[in-house]
Amino acid sequence: MNEHTRPDPARPAEAGALAVPVTAPVAAPMPGAQAPVLRPGGDEPLDELLDGPPAEPPAAPARHGFLSPLNRRRLRNFRGNRLGYWSFLIFTALFVVSLFAEFIANDRPILVSYKGEWLTPVFVDYPEEKFGGFLAQTDYRSPEIAREIAENGWALWPPIPFSYNTINNDLPTPSPSPPTWMLTDAQCKAAAEARGGSTCRDIPWHWLGTDNTTRDVLARVIYGFRISVLFGLILAAVSSVIGVIAGAVQGYFGGWVDLSFQRFIEIWGGIPTLYLIIIISAFIAPGFFVLLGIMLLFSWVALVSVVRAEFLRARNFEYVRAARALGLSNLRIMTVHLLPNAMVATLTFLPFILNGSITTLTSLDFLGFGLPPGSPSLGELLAQGKDNLNALWLGLTAFFVIAAMLSLLVFAGEAVRDAFDPRKTFS
């Protein structure tokens, strides 16, 4: 039917005219193609009705909690290394306990109830006139103060009634004194009678003995462990941040920036750190933050090469080129798209950097160029063991504590390395 015979819908059909329904044109099938089978009374192909609706794309893996599936596999691999996992837990527990060293080893009571008043000597320095004396600082270990508190209240003491700098002039044997559990009642008799007793049970115990200045070894080990780990953690964290930034700038920009940085690092890394510390200690009294600043000047170089290699490898990847084409800034590309890949290698090295930082502080204290005299230090305790070979408890205590601490860190570092190993993560 052409356009001359098609009825006009705007006017009624003339009498006697035939009304022919107009149907939609049906496309002819391509040569060699099978014509679609239509459902009777409908326009939908029968094959689509039989096969059902098209399948939906697979859903993304569900995210349980705050860990992605990749990080959950890494955590599973970390726990799979049983030795490293338990070493990490033990080291963390020891460090957390050492943070509360004042409540474990102290020559002041934790809590005192005196004449109806609650006192906290572990936090507040009370003058002796508070307890009827006249000195500016209270010696809670003196018999007079102890008797005054006992008559008018009570005191809760830490398990170890000595701090790292407590001088004990009532030792049963000359200093360095062996552990109390190694002494006989005859050796403890004189010190016990001064306290109204007769045996070793009547005097305060030194579980690991005393050093050559009558200070408790166990208390110094607890405080020394805390200061060593804190020094290592701060040094490793700050040096890692500086090293990651330097390596990222080198690897991302390359060219003359990379070449200039590499020549500077070669010169800077050749400076002898120990000699520099000896020279500086002749003008400035070495302290915690002075040593930290000096070591920070050189320790940041350790991570530069690792991060630089990661950025050099990834800066020409397709997703980085796409980010540049979309107009993202260099800072955003470096921090959002490249840094997460580089952090895998950085986190793998962190336990070993912490290990090296603790070893460095211990070595400097052993040589006498570390923390000020009197500070709780494992290296200084090791030096005392060298100078007092007859006092075996000094050298053996320092050796076993340092060896155990570094071994726990090494085992934990191996577990971290296994957790971020791509061969195990994506297997």
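Residues numbered from 1 in each chain as written. Predicted model: local features only at pLDDT ≥ 70, side-chain atom pairs only at ≥ 80, totals over all residues. Heavy atoms only, no water.

**Re the overall build of the protein**
Along the backbone of the protein there are 15 helices and three strands. Taken over 427 residues, the protein has a buried fraction of 37%. Sequence separation of at least 24 residues holds for 66% of the intrachain contacts in the protein that already meet a minimum separation of 6. Here the protein displays about 25500 Å² of accessible surface, and carbon together with sulfur accounts for 65% of that area. (Helix = DSSP H or I, 4+ residues; strand = E, 2+ residues; numbered from the N terminus. Buried < 20%, exposed > 50% of the residue type's maximum accessible area, 1.4 Å probe, protein only. Contact = heavy atoms within 4.5 Å. Areas by Shrake-Rupley, 256 points an atom, 1.4 Å probe, with all protein chains shown as cover.)

**Some thoughts on the packing of aromatic side chains**
A ring pair, where both rings are aromatic, is described by two values, the distance of the centres and the angle of the planes. Summed over the entire model, instances satisfying the criterion amount to 17 aromatic pairs. Summarising the aromatic geometry, the rings of Phe131 and Tyr140 are spaced 5.8 Å apart at their centres and angled 80° between planes, so their arrangement reads as edge-to-face. Seen in terms of ring centroids, Trp205 and Trp207 are 5.1 Å apart; in terms of plane orientation they differ by 55°. Their pairing is tilted. Taken together, the ring pairs connect Phe78, Tyr85, Trp86 and Phe88 into an aromatic cluster. (Phe/Tyr/Trp six-rings, centres within 6.5 Å; stacked < 30°, edge-to-face > 60°.)

**Concerning the UniProt feature "transmembrane region" (unreviewed entry) in the protein**
Under the UniProt annotation, "transmembrane region" (unreviewed entry) lies at residues 83-105, 229-253, 273-306, 342-371 and 391-413. Each end of residues 273-306 is marked by a C-alpha atom, and these two atoms are 22 Å apart; helix forms 71% of the span and strand 0%. Note that residues 391-413 is 96% helix and 0% strand, and that its end C-alpha atoms are spaced 34 Å apart. (UniProt positions renumbered as here; feature names shortened; annotations may be inferred.)

**Observations concerning the nonpolar core**
In this structure, Phe91, Phe225, Val229, Leu354, Ile358, Met405 and Leu409 are the most contacted members of the largest nonpolar core, which totals 15 residues. Within the residue set of this core, elements represented by two or more residues are helix 3 (82-99), helix 6 (217-253), helix 12 (330-367) and helix 14 (392-419). It is helix 14 that provides the largest number of residues to this core, a total of five residues. Among residues more than four places away in sequence, those in contact with Leu409 are Phe91, Pro351, Leu354, Asn355 and Ile358. (Core = buried A, V, L, I, M, F, W, Y, C linked by side-chain atoms within 4.5 Å.)

**Concerning the pattern of salt bridges**
Applying the stated rule across the entire model yields 12 salt bridges. One salt bridge in this structure joins Arg215 and Asp211, with 2.9 Å as the shortest N-O distance. Looking at Asp211, the relative accessible area reads 1%, which means it is buried. Residue Glu380 is joined to Arg215 by a salt bridge in which the shortest nitrogen-to-oxygen separation is 3.6 Å. On the criterion of sequence distance, the pair formed by Glu380 in helix 13 (residues 378-387) and Arg215 in the loop between helix 5 (185-193) and helix 6 is long-range, its members being 165 residues apart. What makes Arg215 buried here is its relative accessible area of 9%. Connected through salt bridges with shared partners, the residues Asp211, Arg215, Arg220 and Glu380 form a single ionic network. (Salt bridge = Lys/Arg side-chain N within 4 Å of Asp/Glu carboxyl O.)

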